[in-house]
Structure formats: structure tokens, C-alpha cells
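Topology and contacts: notes
Listed here are the chains, written in short residue letters.
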Amino acid sequence: QVQLVESGGGSVQAGGSLRLSCAASGRTFSRYHMGWFRQAPGKEREFVAVITRSQETTYYADSVKGRFTISRDNAKNTVYLQMNSLKPEDTAVYYCAAAGGDSWSLDSQRKYTYWGQGTQVTVSS
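A quick note: this is a predicted structure, and the numbers were derived from the prediction, not measured.

Helix and strand content of the protein: 0 helices and 11 strands. Going from N to C terminus, the protein has its helices and strands arranged as β-β-β-β-β-β-β-β-β-β-β. Relative to a compact globule of 125 residues, whose C-alpha radius of gyration would be 14 Å, the protein shows 13 Å and is just as compact. Dimensions of the protein along its principal axes, counting C-alpha atoms only, are 40 × 25 × 25 Å. Sequence-distant contacts in the protein: of pairs separated by 6 or more residues, those separated by 24 or more amount to 59%.

In C-alpha cells, the structure reads:
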């Protein structure tokens with residue numbers, strides 16, 4: 001069992017930055033691939049970024065590539081999402097999630113077993 005708690009959300013003007021954190025409970029954090037997803041009002045939840053458990057691979061949605069950076073600290077059981085050059089269309093609830101198993105299809109929500117409660121990010125123009 002893994003419990004995930006996100007923090008770091010808030011309100012920022014366009015062009016600004018935020019860093020989200022997701023703290024995981026348990027001793028098995030390093031066994032999981034960790035992803036970030038987001039859900040804007042009236043829209044489906046969508047993939048944002050993922051980092052594999054080995055930390056060798058990161059993958060981003062095209063909409064955030066070059067602006068967002070995912071990283072993890074296995075010693076602290078924490079995954080981060082550094083968000084720069086934020087745009088109003090980045091406004092959403094951001095969720096972290098944990099996936100076990102192989103590293104295929106990590107952009108699919110169905111791959112993930114554990115989810116956090118989410119943190120709101122609001123970007124004003």
C-alpha cells in the first residue's frame with residue numbers, strides 16, 4: 001500500500017513557476033514509476049509527466065515539454081514537478097500517481113494503482 005500526498009499548488013500569474021511535491025508513505029517508493037496527471041474543469045484527466053523507478057527515463061506530454069521537469073528523490077520518498085513558464089491553460093488539479101510493473105504505457109491512467117488527492121494550480125493571465 002502506498003499513500004500519496006501532493007503539495008505546492010497555488011495561484012500564479014502567467015509566466016511564473018511552481019514546484020509540486022508528492023510525498024509517498026511506505027518503504028517501497030523506489031519500486032514504483034511515478035507520474036503526474038492533471039484535470040482541468042470540464043475536461044478529462046490527462047497525462048503530464050512520468051519518471052521511471054530507475055530514474056533513467058522521463059517522458060512528458062507535448063503540451064508541457066520544455067517547460068516542466070519531473071524528478072524524484074528515493075531517499076525522501078518524494079517526486080517533484082517543476083513547472084516553469086506557466087500558462088493559463090495549465091490551470092488544473094494536479095495528481096501524482098504510482099505504477100508498478102513494467103515501463104510500458106506509463107502515459108495511461110490505467111497503469112497506475114495509487115493516486116493522491118490532488119493539488120490545485122491556477123494560472124492567471
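Right, picking up where we left off after that structure.
As a further point, take the sheet that holds strand S1 (residues 4–7). Overall, antiparallel pairing links the 4 strands, which are arranged S1-S3-S8-S7 in an open sheet. Every other strand in the sheet has two partners, leaving S1 and strand S7 (68–73) as the edge strands with one partner each. Ignoring which end each strand starts from, the neighbouring axes of this sheet average 15 degrees apart.

Looking now at the packing of aromatic side chains. Per the counting criterion, the structure on display carries 6 aromatic pairs. Relative to Phe47, the ring of Phe37 has its centre 5.7 Å away and its plane inclined at 75 degrees; by these criteria the two rings are edge-to-face. Of this pair, Phe37 sits in strand S4 (residues 33–39) while Phe47 is found in strand S5 (residues 46–51), placing the two residues 10 residues apart along the sequence. Phe47 shares its class with Phe37; the two are buried. One aromatic cluster in this structure is built from Phe37, Phe47, Tyr59, Tyr112 and Trp115. For Arg45, the ring lying beneath its charged end belongs to Trp115, and the centroid distance is 3.9 Å. Cation over ring: Arg72 sits above Phe29, and NZ or CZ is 4.5 Å from the ring centre.

Quick look at unusual backbone geometry now. The phi angle at Asn77 is positive, at roughly 55 degrees, despite the residue not being glycine. Note that Asn77 resides in the loop between S7 and strand S8 (78–83). With a relative accessible area of 17%, Asn77 lands in the buried category. We note that Ser105 has phi near 55 degrees; this positive angle belongs to a residue other than glycine.

Here the focus is the pattern of salt bridges. According to the stated counting rule, one finds 5 salt bridges in the structure shown. Arg38 serves as the salt-bridge partner of Glu46, at 2.7 Å between the closest nitrogen and oxygen. Arg38 gets classed as buried once you look at its relative accessible area, which sits at 5%. Residue Arg38 pairs with Asp90 through a salt bridge whose shortest N-O separation is 2.9 Å.

Criteria and thresholds
Residues numbered from 1 in each chain as written. Predicted model: local features only at pLDDT ≥ 70, side-chain atom pairs only at ≥ 80, totals over all residues. Heavy atoms only, no water. Helix = DSSP H or I, 4+ residues; strand = E, 2+ residues; numbered from the N terminus. Rg over C-alpha atoms; globule rule 2.2 N^0.38 Å. Contact = heavy atoms within 4.5 Å. Pairing = 2+ DSSP bridges. Axes fitted to C-alpha atoms, helices over the stretch in contact; angles between N-to-C directions. Phe/Tyr/Trp six-rings, centres within 6.5 Å; stacked < 30°, edge-to-face > 60°. Buried < 20%, exposed > 50% of the residue type's maximum accessible area, 1.4 Å probe, protein only. Lys NZ or Arg CZ within 6 Å of the ring centre and 35° of its normal. Salt bridge = Lys/Arg side-chain N within 4 Å of Asp/Glu carboxyl O.

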